Amino acid sequence: MIHAFDAGTPTALAAAGLASCFHAWRGASGRRYLVTVHDVTAAPAYPGAVVVLARRESDGTRVALWAGRSPASGAALARLAQMKRAEEVHVHLIAESAEARAAVEADLVTRAPVLVANAA
């Protein structure tokens, strides 16, 4: 389940004319995560970065369609975005360590539990 909620463009960035380049998402904890915004046709290659695939609504808000770790190539990320019918690729680059990226991902996404059948 995705817990990435549209937090809009930070005011300072919008005032600087950078509204189309940056966006923010809120996780389940309420923390805000700044992301760079890319068109799906120009998906960047940031292997292992936390990514949110999104679409824009008619009122300008964004809806998260998928969130997780970026695949190893921009082409693979573009294919994933196409499969999810995303219009934008949002990349969170601030989390520098593997632990920090895992924490961001956990805040934005809750993975479904794996059910194991009883062998008895």
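Presented here is an overview of the structure given in this document. The residue numbering used here restarts from 1 in each chain and proceeds along that chain's sequence as written. Per-residue local features of the predicted model are confined to residues with pLDDT of at least 70, and side-chain atom pairs are confined, for both listing and counting, to 80 or more; whole-chain, interface and lining totals are unaffected and use all residues. Computation of side-chain values: all heavy atoms of the structure, hydrogens and water removed.

## Thoughts on the sheet that holds strand E6 (residues 88-92)
Now for step 1: We call two strands paired when DSSP finds no fewer than two bridges between them. Secondary structure elements are defined from DSSP: runs of H or I of at least 4 residues count as helices, runs of E of at least 2 residues count as strands, and each element is numbered from the N terminus. Reading across the sheet, the six strands line up as E1-E2-E3-E6-E4-E5 and stay open at both edges, with antiparallel pairing between neighbours. Since the sheet does not close on itself, it has two edges, and those belong to strand E1 (5-6) and strand E5 (62-69), each with one partner.
Now for step 2: When strand E2 (residues 22-26) meets strand E3 (residues 32-39), the two strands line up antiparallel, connected through five bridges. Bridge pairing in E3 links Ala 24 to Leu 34.

## Things to note about the environment of Lys 84
Now for step 1: Counting through the fold element by element, Lys 84 comes out in the loop between helix H2 (74-83) and E6.
Now for step 2: Between the alpha carbons of Lys 84 and Arg 55 there is a distance of 9.6 Å; along the sequence they are 29 residues apart.
Now for step 3: Whether two residues touch is decided by their heavy atoms; if any such pair falls within 4.5 Å, the residues are in contact. In this structure, Lys 84 is in contact with Leu 53, Leu 65 and Trp 66, ignoring residues within four places of it in sequence.

## Describing the side chain of Ser 70
Now for step 1: Note on placement: Ser 70 falls in the loop between E5 and H2.
Now for step 2: With a 1.4 Å probe rolled over the protein chains alone, any residue whose accessible area is under 20% of its type maximum counts as buried; one over 50% counts as exposed, and the rest are partly exposed. Given a relative accessible area of 8%, Ser 70 falls into the buried group.

## Details of the nonpolar core
Side chains of nonpolar character tend, in soluble globular proteins, to be buried together.
Now for step 1: Grouping buried Ala, Val, Leu, Ile, Met, Phe, Trp, Tyr and Cys residues that are joined through side-chain atoms within 4.5 Å yields what is termed a nonpolar core. Ranked by internal contacts, the top residues of the largest apolar core, which has 13 residues, are Ala 4, Trp 25, Val 52, Ala 64, Val 104 and Leu 108.
Now for step 2: Mapped onto this core, the elements with two or more residues apiece are E3, strand E4 (50-56), E5 and helix H3 (98-108).
Now for step 3: Top element by residues in this core is E4. It accounts for three residues.
Now for step 4: Counting twelve residues, the second-largest nonpolar core is a separate cluster that includes Trp 66, Ala 81, Val 89 and Val 91.

## Observations concerning unusual backbone geometry
Now for step 1: Located in the positive-phi region is Arg 85, a residue other than glycine, with phi close to 60 degrees.
Now for step 2: When its relative accessible area of 72% is taken as the criterion, Arg 85 is described as exposed.

## Some points on the environment of Gln 82
Now for step 1: Its location among the elements puts Gln 82 in helix H2.
Now for step 2: Since its relative accessible area comes to 64%, Gln 82 is described here as exposed.

These figures capture arrangement, not role.
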